[in-house]
Amino acid sequence: MSQKYPIAKIEHVNITVSDPQRSADLFITLFGWHIRWEGPSMSDGHTIHVGNDDQYIALYTNPSVRAANPQHMKGKPLSHIAITVDDLDSIERKVKAAGLTPFGHDDYDPGKRFYFFDWNHIEFEIVSYA
C-alpha cells in the first residue's frame, strides 16, 4: 500500500541582498511579478516580498549587509534558484538589458535553460519546458 502525502509546494525563498528594491525591480521587469508586502524586519532590516499570488522571493537586507555589499559564494549553502518561464528568449533579453550576463545555456530533457548571477552573486536558473 502506498503512503498518501499531503499536497506541498514551496511558498517562498528568503535571500539576503544588498539592495532589495533593485532586486525586486529586476524580478518585476523579468517576470511581471508584483510586490506582495514590504516593511521592517529583524536586525533593523527591510524586506520586500516579490512574486505572484502563490509564490514569492523574500528579499532581506539590513544596514550591515548594505554596507558590505556582499558577493555570496555559490553553493554556500545555496547553489541556485530556478524559475520556470514560457518564453526563454524574452527573459534572456531582459537579463542582458539589466546589465547581467546569461551563461550555461543548455537544452536537455525536459527543457531549455540558462543561468545568471545577480549583483550579489546569487545564481538564478531560468528554464522553459515549453
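Cut-offs used in this document
- Residues numbered from 1 in each chain as written.
- Predicted model: local features only at pLDDT ≥ 70, side-chain atom pairs only at ≥ 80, totals over all residues.
- Heavy atoms only, no water.
- Pairing = 2+ DSSP bridges.
- Helix = DSSP H or I, 4+ residues; strand = E, 2+ residues; numbered from the N terminus.
- Axes fitted to C-alpha atoms, helices over the stretch in contact; angles between N-to-C directions.
- Buried < 20%, exposed > 50% of the residue type's maximum accessible area, 1.4 Å probe, protein only.
- Contact = heavy atoms within 4.5 Å.
- Polar contact = N/O pair within 3.5 Å; in protein donor to acceptor, adjacent residues only side chain to side chain.
- Salt bridge = Lys/Arg side-chain N within 4 Å of Asp/Glu carboxyl O.

Undergrad: Describe the sheet that holds strand β3 (residues 45-51), with residues and values.
TA: Spatial strand order, β1-β4-β3-β2: four strands in an open sheet with mixed pairing. At either end of the open sheet lies a strand with only one pairing partner, and these are β1 (12-16) and β2 (34-41). Pairs of neighbouring strands in the sheet enclose a mean axial angle of 20°, with direction left out of account. As judged from the six bridges shared by β3 and strand β4 (residues 56-61), these two strands associate in the antiparallel manner. Bridged to Thr47 within β4 is Tyr60.

Undergrad: Can you lay out the pairing of strand β7 (residues 111-117) for me, pointing to particular residues and giving the numbers?
TA: β7 sits mainly inside the fold: five of its seven residues count as buried. Bridge count for strand β6 (residues 103-108) against β7 is four bridges, and the pairing is antiparallel. In the sheet register, Tyr108 faces β7, and the bridge partner there is Gly111. Linkage of β6 to β7, two consecutive antiparallel strands, is achieved through a turn of two residues. As judged from the six bridges shared by β7 and strand β8 (residues 123-128), these two strands associate in the antiparallel manner. Each bridged residue has a counterpart across the sheet, and for Tyr115 the counterpart in β8 is Glu125.

Undergrad: Tell me about the environment of Asp44, and please be specific about residues and values.
TA: Note on placement: Asp44 falls in the loop between β2 and β3. Ignoring anything within four residues of it in the chain, the contact list for Asp44 reads Asn62 and Pro63.

Undergrad: Describe the side chain of Asn120, with residues and values.
TA: Turning to its location among the elements, Asn120 is positioned in the loop between β7 and β8. From its side chain, Asn120 meets the backbone nitrogen of Ser18 in a polar contact 3.0 Å long. Apart from the residues lying within four places of it in its own chain, the contact partners of Asn120 are Val17, Ser18, Asn69, Pro70, Gln71 and His72.

Undergrad: Account for the pattern of salt bridges, with residues named and values stated.
TA: One pass over the structure, following the stated rule, counts three salt bridges. Measuring nitrogen to oxygen at the nearest pair gives 3.1 Å for the salt bridge that ties Lys74 to Glu123. Taken as a pair, Lys74 in the loop between α2 (63-68) and β5 (81-84) and Glu123 in strand β8 lie far apart in primary sequence, 49 residues in all. Among the residues examined, Glu123 registers a relative accessible area of 7% and is labelled buried. Put simply, Lys96 and Glu92 hold a salt bridge, and the shortest N to O gap is 3.8 Å. With Lys96 and Glu92 both in helix α3 (residues 88-97) and four residues apart, this pair spans about one turn of that helix.

Undergrad: Outline the sheet that holds β5, supporting the account with residue identities and numerical values.
TA: The strand order β5-β8-β7-β6 describes an open sheet built from four strands, whose pairing is mixed. Two strands in the sheet have a free side with no partner beyond their single neighbour: β5 and β6. With direction set aside, neighbouring strand axes in the sheet form an average angle of 20°.

Undergrad: Now, about α3: what can you tell me, with residues and values included?
TA: Among all positions in α3, only Leu88, Ser90, Ile91, Glu92 and Val95 are buried. Contacts made by the buried residues of α3 are with α1 (20-31), β6, β7 and β8. Immediately beyond the C-terminal end of α3, within one or two residues, lies Gly99, with a positive phi of roughly 85°.

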